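Listed below are the residues making up each chain.
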Amino acid sequence: MSPAYILLLYVPAGIGAAMAYAMRKKSNSNMLGIILSFSGAYLLGVVILHLLPEVFMGGDAASNRNTAGFVLAGFFIQLILVQFTRGIEHGHLHLHEHFSKGYVSGVFIGLGIHALLEGLPLGGGNMPAEEVQPLYWGIFIHKLPETFALATVLFFSAKKSLWPLLLIILFASITPLGSVLGQFFTGSADPETRFHWMIAIVCGSLTHISTTIIFEASGKAHKLSVIKFLAIIGGFLFSLLSLIL
């Protein structure tokens, strides 16, 4: 993945932060739910159509079992991270808790680790770009609601905008940093195996996030609105389209 693509990840992060600042006096946003529905469906499509076939392709039974273990590890890592983030990457914004320093710190640390994991396979080492391109665009789309959620927490938790702004810039830099670390990890012996392990961990993490987003899009009544249903269908269609392009 070229540096230009990695730097481009600052764009959705900036848009998400700007949206949060503009809507900082509101407790929720219907637009956020629509974006999350689309990105959740797209991410799940990318995992199933692109990433899982890639990490299991060509391996023997023992190798595939190891890879499956890393997928499960990624799922449970995300399960642990949710205990810190309280699910704001899924669209859960508990504004009455945002003035707790412990809550804000937990959210930032949890999302920061998640963002670092996202960036690891984007480094890719010597791997072909087409192997990570669908994952990149999935992360690109999800970065907007993810940063929106974090920025909303920060803007509701601080009286001045400077401190939240610095933390948002730091957060936006974590995924690019993860791509640098990923390139380092895959630059040594057996880079392809290490690359597949990183992809497998991200698969597990994204499966947790995407399925939670889709299941919770229906709300407590377990009934999808038409616009959210269309957003989910659109996300799946875009993931299918990426097979052709």
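Residues numbered from 1 in each chain as written. Predicted model: local features only at pLDDT ≥ 70, side-chain atom pairs only at ≥ 80, totals over all residues. Heavy atoms only, no water.

Novice: For this particular structure, what's the right way to read the overall build of the protein chain?
Specialist: Each helix and strand counted, the protein chain has nine helices and zero strands in total. Along the protein chain, helices (α) and strands (β) appear in the sequence α-α-α-α-α-α-α-α-α when read from the amino end. Sequence-distant contacts in the protein chain: of pairs separated by 6 or more residues, those separated by 24 or more amount to 81%. Total accessible area computed for the protein chain in this model is approximately 11900 Å², and 71% of it derives from carbon and sulfur atoms. (Helix = DSSP H or I, 4+ residues; strand = E, 2+ residues; numbered from the N terminus. Contact = heavy atoms within 4.5 Å. Areas by Shrake-Rupley, 256 points an atom, 1.4 Å probe, with all protein chains shown as cover.)

Novice: Before we go on, may I ask you to explain the environment of leucine 72 in this structure?
Specialist: With respect to the element layout, leucine 72 can be found in helix 4 (residues 61–85). Considered as a pair, leucine 72 and threonine 207 are 135 residues apart in the sequence and their alpha carbons are 9.9 Å apart.

Novice: Would you mind showing me how to read the nonpolar core here?
Specialist: A general feature of soluble globular proteins is that nonpolar side chains tend to end up buried together. Leu9, Leu51, Leu122, Leu135, Ile199 and Leu206 are the most contacted members of the largest nonpolar core, which totals 23 residues. Of all the secondary-structure elements, those providing two or more residues to this core are helix 3 (30–56), helix 5 (101–123), helix 6 (133–157) and helix 8 (191–216). For isoleucine 199, the residues in contact, after removing those within four places along its chain, are Leu51, Val55, Pro121 and Leu135. Counting 20 residues, the second-largest nonpolar core is a separate cluster that includes Ile35, Phe108, Phe155 and Phe171. (Core = buried A, V, L, I, M, F, W, Y, C linked by side-chain atoms within 4.5 Å. Buried < 20%, exposed > 50% of the residue type's maximum accessible area, 1.4 Å probe, protein only.)

Novice: What's the story with a nonpolar patch on the surface in this structure? I'm lost.
Specialist: Together, Leu224, Val226, Phe229, Leu230, Ile233, Leu237 and Leu240 line one region of the surface with nonpolar side chains, adding up to about 640 Å² of accessible area. Along the polypeptide, leucine 240 turns up in helix 9 (residues 226–244). (Patch = residues over 30% accessible without salt bridge, like charges linked within 9 Å, V, L, I, M, F, W, Y side chains within 5 Å. Salt bridge = Lys/Arg side-chain N within 4 Å of Asp/Glu carboxyl O.)

Novice: Help me out: how do you make sense of the packing of helix 2 (residues 10–22) against helix 6 in this one?
Specialist: When two helices pack together, you describe them by how their axes are tilted relative to each other and by the distance separating the axes. It is at 7 Å that the axes of helix 2 and helix 6 come closest, and there the two elements cross at 35 degrees. Read as a crossing pair, helix 2 and helix 6 show a hand that is right-handed. Mapping the contact onto sequence places Pro12, Ala13, Ile15, Gly16, Ala17, Met19, Ala20 and Tyr21 in helix 2 and Phe140, Lys143, Leu144, Thr147, Phe148, Ala151, Thr152 and Phe155 in helix 6. (Axes fitted to C-alpha atoms, helices over the stretch in contact; angles between N-to-C directions. Left-handed = near helix turned anticlockwise from the far one by under 90°.)

Novice: Before we go on, may I ask you to explain helix 6 in this structure?
Specialist: Since the α-helix advances by 3.6 residues per turn, residues separated by three or four positions end up pointing in the same direction. Over its 25 residues, helix 6 runs 36 Å from end to end, which matches the ideal 36 Å to within 8%, given 1.5 Å per residue. A maximum bend of about 35 degrees is found in helix 6 at lysine 143, where proline proline 145 lies one to four positions downstream. With 21 of 25 residues buried, helix 6 lies mostly within the body of the structure. (Expected span 1.5 Å × (residues − 1). Bend = angle between axes of the 7 residues up to and from the residue.)

Novice: Which parts of the structure should I look at to understand the packing of aromatic side chains?
Specialist: How two aromatic rings sit relative to each other is given by the distance of their centres and the angle of their planes. According to the stated counting rule, one finds nine aromatic pairs in the structure shown. Seen in terms of ring centroids, tyrosine 136 and tryptophan 137 are 5.0 Å apart; in terms of plane orientation they differ by 80 degrees. Their pairing is edge-to-face. An angle of 40 degrees between the planes, with centres 6.1 Å apart, marks the rings of tyrosine 136 and phenylalanine 140 as tilted. In this pair, tyrosine 136 and phenylalanine 140 are both assigned in helix 6, four residues apart and thus about one turn of the helix distant. The exposure classification of tyrosine 136 matches that of phenylalanine 140, with both residues buried. Among the aromatic residues, those joined into a ring-pair cluster are Tyr5, Tyr136, Trp137 and Phe140. (Phe/Tyr/Trp six-rings, centres within 6.5 Å; stacked < 30°, edge-to-face > 60°.)

Novice: Looking at this structure, how should I read helix 4?
Specialist: An ideal rise of 1.5 Å per residue puts 36 Å on 25 residues; helix 4 measures up with 36 Å between its terminal C-alpha atoms. Among all positions in helix 4, only Thr67, Val71, Gly74, Gln78, Leu81, Val82 and Thr85 are buried.

Novice: Before we go on, may I ask you to explain the packing of helix 6 against helix 7 (residues 162–185) in this structure?
Specialist: As a packed pair, helix 6 and helix 7 sit with axes 10 Å apart at the nearest point and diverge in direction by 155 degrees. It follows from the interaxial angle that helix 6 and helix 7 lie roughly antiparallel. Crossing angle aside, the handedness with which helix 6 passes helix 7 is right-handed. The residues of helix 7 that touch helix 6, namely those facing Lys143, Glu146, Thr147, Leu150, Ala151, Leu154 and Phe155, are Pro164, Leu167, Ile168, Phe171 and Thr175. (Parallel < 35°, antiparallel > 145°, perpendicular 65-115°, else oblique.)

Novice: Quick question: what am I supposed to make of the pattern of salt bridges here?
Specialist: Pairing between side chains of opposite charge can happen when their charged atoms approach one another. Counted under the stated rule, the structure contains two salt bridges. Note that glutamate 118 is salt-bridged to lysine 143, the shortest N-O span being 3.2 Å. Pair noted here: glutamate 118 is in helix 5 and lysine 143 is in helix 6, with a separation of 25 residues, a long-range link. An identical accessibility class is assigned to glutamate 118 and lysine 143; each is buried. Each of Glu118, Lys143 and Glu146 takes part in a single network of salt bridges with overlapping partners.

Novice: Just checking my understanding: could you explain the confidence of the model for the protein chain for this structure?
Specialist: Regions with low pLDDT carry predicted coordinates that are not meant to be interpreted in detail. Mean pLDDT over the protein chain works out to 79, with 77% of the residues at or above the 70 mark. Within the protein chain, no element has a lower average pLDDT than helix 5, which sits at 80, and none a higher one than helix 2, at 89. (pLDDT = per-residue confidence, 0-100.)

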